Amino acid sequence: MPSGLNPASKKNPVLQKRDSIKTGWLAAWRRRVRRWALKRRPAQSSFVLDRNNLFIFPTGAGFALLLVIFLMWLLGTNYDNNLVLALAFLLASILISCILHTHASLAGLKIEVSKLQEGFAGDELGAELRLSRQGKRKYHDVRLFWAGQYPKAVTVDQADASYVSLSINAVRRGIIAPPLLCVESRYPLGLLRCWAWLKFDTSVLVYPKPVEAGPLPATASDEGSGDSEPVLLDGAEDFSGFHSYRDGESLKHVSWKHYAQGKGMFVKDFQSYADEQLWVDWNALPGMDREARLQRLCDWLLILADGSQPFGMRLPGQTIAPATGISHRLNCLRALANFEANQLASLSSNYYLEGKL
Amino acid sequence: MSLIYQIPRPALWWLLLAQGAVILPLMQYLPLWLIAVWAVCVGWRIQVVRGVFDAPKVMVKVPLALTMVVALVLSYGKLFALEPLVALLLLAFLLKLLELQSQRDVLLLLLLGFFVASTQLLFSTSIIAFLYAIISFTFLMAAFMALHTATATHSFWHSLKTSSVITLQAIPLALVLFFIMPRIGSLWTVPLSDGNAKTGFSDSMEPGNISQLSKDYSPAFRVDFTDKKAPVQSSLYWRGLSLSSFDGRRWELPFQDRDDNMRYRRIAQEQRKHNYGWQVEFASYRRKDNSPYIDYQVMMEASFQPWLFALTTASVGAKDVLSTPDYLFLSKRPVSQRFLYQARSYPEFKRQGQSLGPSERYQNTLLPSGSNPRATALAQQWREAGDSDRRVIANAMRLFQREFAYSLQDTLLSELNPVDDFLFSRKRGYCEHFASAFVVLMRAADIPARVVLGYQGGQWNEEEKYLLVSQADAHAWAEVWLPEQGWTRVDPTSAVAPERIELGFRDYIQQSSTANEQNGFAELRQSPLLMQLQMQLDAINYSWQSWVLSYDQDQQMIFFQKVLGGQEHWRIVAVLMGASTFMLALLALWLWWRARPEAPAAELVPWLELEKKLAAGGWIREPGETPQQFSSRVSRQRPDLEVLLERYTKMAYTLLYIPIGSDQHQQLLKDLAGLRNSIRL
């Protein structure tokens, strides 16, 4: 069904998402074709659209035009009017030559995934596609969408490449691949639809979805959730040294003395905090299943990462030493995302076809 | 960048443009108030788009549509004829404009548009109308394209440009389909146009109604003689219909024959029972070997009359056409579109030993009592002098020749006794006056006589070898009954203006002397250049007709026989497939050519050559890596190439700033090639 003519999308396209489970023999048949296409084509990192992966079929408008051609033929035949017949043949000829035009409106287009952004489960992950042309032809009105989503139309007329930003649903934690990408075109007249379903071999890491877990347990933090003012002891043994300021670090520990002397921006490290450190600890959440624990750990991690105190993370068989900063946060998130990732259920073919688990 | 689910604005503009293009030609045939309906619908739609009005509610739309339909039916008085049906279709096409919500509505409207645009060809089959229909198709396609294009990166005209290209490219395949797709002939009877614009003369004759036609050079029919030889003008009397009922002023068909359908049915019934006497004789005459005949093909323009035209005495081969007792040809339905028929005429056929039936004699000698007394008296005077029929005819002709003048000047004859007025005071007139007066004289002398309407002469087109008979060639003459040879043609006009008959109307007008200026011919005279041009245009029209319009089942069979060498199904299918594939292959070739790889800019060529060479050695430039970065990356792994690569890169950069074609440029290219060859991987 062309999305633009979809009666469901007619009234409020923004609020009504494509129904992933459509009933009716047409939808069932369409799913079968896609499943067949999925099996037939191996995953690749880039595709050049050609005879091997493009399908073509008339749209509703095409079939309706066929009916009009038939009616015109009847009119011309019954009135013995050769000119009406000639017009009917002209329309038929246009319909037939549109097969070539529409096929050419995708053939030769190269598509690859240029960027996939990591993110939290349940979020939309940015997925950027790179479309490049192999020859002189410009590609008008190419529509792209991941299975189960709305299409976006682009014109590929840049000399080197055009980029399209789409997003995929992060359906679960762990490593996921994008669902099938549909590339379609109805150019020029909308009488035929040419399309390809592409399976990319790229994948992306998805962090657990943060679920509120309350304040950090006492064992993890001596001073509550870490938002109390830290005590600075000048010359105390707790002070361990300086490191240079990194973007995003809290300004609380900046050595303003050095800064005022023009020596640069340094941050004081306090060794003493190491003993009363903040830990995102697997064992702090007994009696929960794995995913529930990870989701809550993720929540704590995000809270602590917003603060300035160093924190560490303890997972079974894995410990990340306390630290601060963006890369530390990323390390922790990735550890959560990867935690026993091989034990997660693999993505079903239904996911590839519908974009949902 | 994002998809548009509403109707794209350009699609709406294209829709309105296309709709205007579709409607325009139909307005020649349909009530003009439909234009006003369209204007209202367009206005409303635009106001809706601008957000000023609401979309019309059901309470408005339904009564509006019903009112329009009723208005249409009332203005036509019926529904099941071509015009009201097309008008109804057009009305739906216009009113749908009030109900455009989704893309699907626009789609429906556009599809309807293709159909409506093709109906104009039911009314006119000229080349212009056909080309116009193709242009309106292109507009509809532009709207189609604008509707289905979600990216708004194109200019407004992009869709028209592309759809024109697509249309032009589709024409070769359409031609193949047109000539090869088998024709099957009408499947069922359809309502025909009842022609509110009847052309040519009507089925009655009053003084003045033929001379009106003298200004009308539109074609009546064209004749293609089988021997392709120019015929003798004076023999070309194209008989159409005969009028035998006279009320003192107006000549008409006999009362019982005035209804077209009844007349056809009566004659068809009579012929089912027995052939007319003349038909039996004619049939045996035709069987004789030495009977001279002329074969020709008449391509008639729509006249909205049932009469076909032929030279005397003819047999016509066409479906649903009857021969009447008066040797005329009657079509079952009025000729409402161009009509082609074959005819064979035997100019020398005469009936032997026959007599006129009493009722026919009565009908053909009847004069309204008391009217035109002077003419009656004159004829009776001739008769009483003991003259034979032939002498009486000769007397009348001599009268015309001596005292009368041929003139187009509108002669207002007295209401009471127009023939007397014409014969004894005006003495100038057009063929209808002479024919009418002549028949009155004959009848008064008790010679059965009638008026015949038709065309005389025609213009021979020397290049295309056909005869063009135009409305201006319309003519009226008389037929009298002579016992020894039956109905005999007598043309009183030939006595007054023999050149009119010998030259044909047009040439007569061109050549008539200045003395005739007062006759009203001068204003009809055309410059020779214009006439030449008209003839050439008509020749194009004629080719159009014989090649395109009359390409029917029979012609197709001849075409298959000639071009394909047979009519077997496999042959037709094979040629159809072969020719279509060939046409599509040409299109595919064009599309491939359009998508060919772009030639790199000349100044980049040396660099690309180097990249190619390095790629063979396993070094591939990363996307985003500059040539310098790339060459230094390679140099790190192959220090032996460092100097060469550095020089090459520097020179390749230098090349960018030197005008192409200069000596320095050439030298640099040569150096680069040498350097490249010295790189050994």
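Only a predicted model underlies this, so the values are computations on that prediction, with no experimental measurement involved.

Peer 1: How should I be thinking about the confidence of the model for chain A in this particular structure?
Peer 2: Low-pLDDT portions of the prediction should not be read for the details of their coordinates. Residue and element names in this part refer to chain A. Averaged over chain A, the pLDDT score is 82; the fraction of residues at 70 or greater is 84%. Counting interchain partners and residues more than four positions distant, the pLDDT-below-50 stretch residues 1–20 has 33 contacts. Contacts for the low-pLDDT stretch residues 220–237, under 50 throughout, to residues beyond four places or in other chains number 18 contacts.

Peer 1: Please explain the sheet that holds strand β12 (residues 204–207) of chain A as it appears in this structure.
Peer 2: Two pairing modes exist for strands in a sheet, parallel and antiparallel, and in both the strands are linked by backbone hydrogen bonds. All names here are of chain A. Sheet architecture is open: 3 strands sit in the order β4-β12-β9, paired in mixed fashion. The open sheet has two free edges, formed respectively by β4 (119–120) and β9 (174–176), since each of these has just one partner strand. In the packing of helix α7 (residues 326–338) onto the sheet, the strands contacted are β4, β9 and β12, and the crossing angle to β12 comes to about 95 degrees.

Peer 1: What's the story with the pairing of strand β10 (residues 181–185) of chain A in this structure? I'm lost.
Peer 2: Successive residues of a regular strand alternate their side chains across the two faces of the sheet. All names here are of chain A. Of all the 5 residues making up β10, 5 are buried; the element is thus mostly covered by neighbouring parts of the structure. Residues Leu181, Val183 and Ser185 line one face of β10 and the alternating positions Cys182 and Glu184 line the opposite face, and both faces are buried. Note that strand β6 (residues 139–146) and β10 share 4 bridges and pair antiparallel. Bridge assignment links Arg143 to a residue of β10, and that residue is Glu184. As paired elements, β10 and strand β11 (residues 192–198) share 5 bridges and run antiparallel to each other. When the sheet's bridge partners are listed, Val183 is paired in β11 with Ala196. Where β10 hands over to β11, the hairpin turn is made up of 6 residues, of which Gly190 adopts a positive phi near 80 degrees.

Peer 1: Help me understand the interface of chain A and chain B in this model?
Peer 2: Accessible area lost on assembly of the parts is the figure often given for the size of an interface. Across the boundary between the two partners, chain A contributes 58 residues, which contact 69 residues of chain B. With both chains or domains summed, chain A and chain B bury close to 5800 Å², and 71% of this area falls on carbon and sulfur atoms. Our count for the chain A to chain B interface comes out at 0 salt bridges. Applying the counting rule to chain A against chain B returns 14 residue pairs in polar contact (both at pLDDT 80 or more). Taken together, the elements giving at least two residues each to the side of chain A that touches chain B come down to α1 (7–11), α3 (60–78), α4 (82–104), β6 and β7 (152–156) of chain A. Take the side of chain A that touches chain B: its biggest share by element is 17 residues, from α4 of chain A.

Peer 1: How should I be thinking about the domain arrangement of chain B in this particular structure?
Peer 2: Per the domain assignment, the segments of chain B are domain 1 (9–149), domain 2 (211–345) and domain 3 (602–678). For domain 1 of chain B versus domain 3 of chain B, the separation of C-alpha centres amounts to 64 Å.

Peer 1: Before we go on, may I ask you to explain the sheet that holds strand β17 (residues 486–490) of chain B in this structure?
Peer 2: Residues and elements named next belong to chain B. Read from one edge of the open sheet, 4 strands run β2-β13-β16-β17, paired in antiparallel fashion. Strands at the two margins of the open sheet, each flanked by one partner only, are β2 (237–243) and β17. Strand-to-strand twist of the sheet, defined as the mean angle between neighbouring strand axes without regard to direction, takes the value 40 degrees. Pairing of strand β16 (residues 474–482) with β17 involves 5 bridges; the strand directions are antiparallel. Counted as the bridge partner of Val480 is Thr488 from β17. Across the sheet, helix α12 (residues 389–403) is in contact with β16 and β17; its angle to β16 comes to roughly 155 degrees.

Peer 1: Please clarify how the packing of aromatic side chains should be interpreted in this entry.
Peer 2: The geometry of an aromatic ring pair comes down to the distance between the two centres and the angle between the two planes. All told, the structure shown has 50 aromatic pairs over all chains when counted by the stated rule. With centroids separated by 5.5 Å and ring planes inclined at 85 degrees, the aromatic side chains of Trp14 of chain B and Trp157 of chain B adopt a geometry described as edge-to-face. Of this pair, Trp14 of chain B sits in helix α1 (residues 9–26) while Trp157 of chain B is found in the loop between α6 (127–148) and α7 (158–180), placing the two residues 143 residues apart along the sequence. Ring pairs connect the aromatic residues Phe221, Phe225, Trp238, Tyr296, Phe309, Tyr455 and Trp460 of chain B, which therefore count as one cluster. In this structure, Lys199 of chain A is placed above the aromatic ring of Tyr352 of chain A, and the distance from its NZ or CZ to the ring centre is 4.4 Å.

Peer 1: Please clarify how the packing of helix α4 (residues 82–95) of chain B against helix α5 (residues 103–119) of chain B should be interpreted in this entry.
Peer 2: Relative orientation and spacing of two packed helices are given, respectively, by the angle between their axes and the distance between those axes. All names here are of chain B. Contact geometry of α4 with α5 gives a least axis separation of 10 Å together with a crossing angle of 150 degrees. Between α4 and α5, the angle falls in the class roughly antiparallel. Handedness of the crossing formed by α4 with α5: left-handed. Contact with α4, carried on its side by Val86, Leu89, Leu90, Ala92 and Phe93, involves Leu109, Leu112, Gly113, Phe115, Val116 and Thr119 of α5 and no other residues of that element.

Peer 1: Before we go on, may I ask you to explain the pattern of salt bridges in this structure?
Peer 2: Where charged atoms of side chains with opposite charge meet at close range, the side chains can pair. Residue and element names in this part refer to chain B. What the rule picks out here adds up to 37 salt bridges over all chains. Its salt-bridge partner being Arg426, residue Asp421 comes within 3.6 Å of it at the nearest N-O pair. Here Asp421 falls in the buried class, since its relative accessible area comes to 13%. Note on Arg426: relative accessible area 40%, which makes it partly exposed. For the salt bridge of Arg621 with Glu611, the shortest nitrogen-to-oxygen distance reads 2.4 Å.

Peer 1: Explanation requested: the side chain of Gln471 of chain B in the structure shown.
Peer 2: Residue and element names in this part refer to chain B. Inspection of the secondary structure puts Gln471 in the loop between β15 (466–470) and β16. Judged by its relative accessible area of 3%, Gln471 is buried. At a separation of 2.7 Å, a polar atom in the side chain of Gln471 contacts the side chain of Tyr455.

Peer 1: I keep staring at unusual backbone geometry and nothing clicks. Help me out?
Peer 2: Backbone geometry follows two general trends: most residues other than glycine have a negative phi, and most peptide bonds adopt the trans configuration. All names here are of chain A. In this model, Tyr187 is joined to Pro188 through a cis peptide bond whose omega is 0 degrees. You can see Pro188 is positioned in the loop between β10 and β11. One non-glycine residue, Glu340, adopts positive backbone phi at about 50 degrees. Tracing the sequence through the fold places Glu340 in the loop between α7 and α8 (349–354).

Peer 1: What should I look at first to understand the packing of α7 of chain B against helix α19 (residues 553–564) of chain B in this one?
Peer 2: Residue and element names in this part refer to chain B. At a closest axis distance of 9 Å, the pairing of α7 and α19 adopts a crossing angle of 105 degrees. Viewed along their axes, α7 and α19 adopt a mutual orientation that is roughly perpendicular. Contact with α7, carried on its side by Phe178, Phe179 and Ile180, involves Gln556, Phe559 and Phe560 of α19 and no other residues of that element. Residues belonging to the contact of α7 with α19 are distributed by class as follows: 5 nonpolar, 1 polar and no charged.

Peer 1: Any chance you could explain a nonpolar patch on the surface here in plain terms?
Peer 2: Taken together, the side chains of Leu604, Leu608, Leu656 and Tyr657 of chain B make up a nonpolar region of the molecular surface, amounting to roughly 410 Å² of accessible area. In this fold, Leu656 of chain B is placed in the loop between α23 (642–655) and α24 (663–678).

Peer 1: Would you take a moment to explain α1 of chain B for this structure?
Peer 2: For an α-helix, 3.6 residues make a turn, and residues three or four places apart therefore share a direction. An ideal rise of 1.5 Å per residue puts 26 Å on 18 residues; α1 of chain B measures up with 27 Å between its terminal C-alpha atoms. Of all 18 residues in α1 of chain B, 13 are buried, a share of seventy percent or more.

Peer 1: Help me understand the domain arrangement of chain A in this model?
Peer 2: Residues and elements named next belong to chain A. Here chain A is partitioned into domain 1 (42–207) and domain 2 (208–357). It is Phe120, Arg173 and Tyr207 that lose the most area in domain 1 upon contact with domain 2, and together they represent 36% of the buried surface on that side. At the boundary of domain 1 and domain 2, one finds 2 salt bridges. The salt bridge partner of Arg334 is Glu118, with a shortest N-O separation of 3.1 Å. Inspection of the region where domain 1 meets domain 2 yields 8 residue pairs in polar contact (both at pLDDT 80 or more).

Conventions used here
Residues numbered from 1 in each chain as written. Chains lettered and ligands numbered in written order. Predicted model: local features only at pLDDT ≥ 70, side-chain atom pairs only at ≥ 80, totals over all residues. Heavy atoms only, no water. pLDDT = per-residue confidence, 0-100. Contact = heavy atoms within 4.5 Å. Pairing = 2+ DSSP bridges. Helix = DSSP H or I, 4+ residues; strand = E, 2+ residues; numbered from the N terminus. Axes fitted to C-alpha atoms, helices over the stretch in contact; angles between N-to-C directions. Buried < 20%, exposed > 50% of the residue type's maximum accessible area, 1.4 Å probe, protein only. Buried area = accessible area lost by both parts, 1.4 Å probe. Salt bridge = Lys/Arg side-chain N within 4 Å of Asp/Glu carboxyl O. Polar contact = N/O pair within 3.5 Å; in protein donor to acceptor, adjacent residues only side chain to side chain. Domains from an automatic or database assignment. Phe/Tyr/Trp six-rings, centres within 6.5 Å; stacked < 30°, edge-to-face > 60°. Lys NZ or Arg CZ within 6 Å of the ring centre and 35° of its normal. Parallel < 35°, antiparallel > 145°, perpendicular 65-115°, else oblique. Left-handed = near helix turned anticlockwise from the far one by under 90°. Nonpolar A, V, L, I, M, F, W, Y, C, P; charged D, E, K, R; others polar. Patch = residues over 30% accessible without salt bridge, like charges linked within 9 Å, V, L, I, M, F, W, Y side chains within 5 Å. Areas by Shrake-Rupley, 256 points an atom, 1.4 Å probe, with all protein chains shown as cover. Expected span 1.5 Å × (residues − 1).

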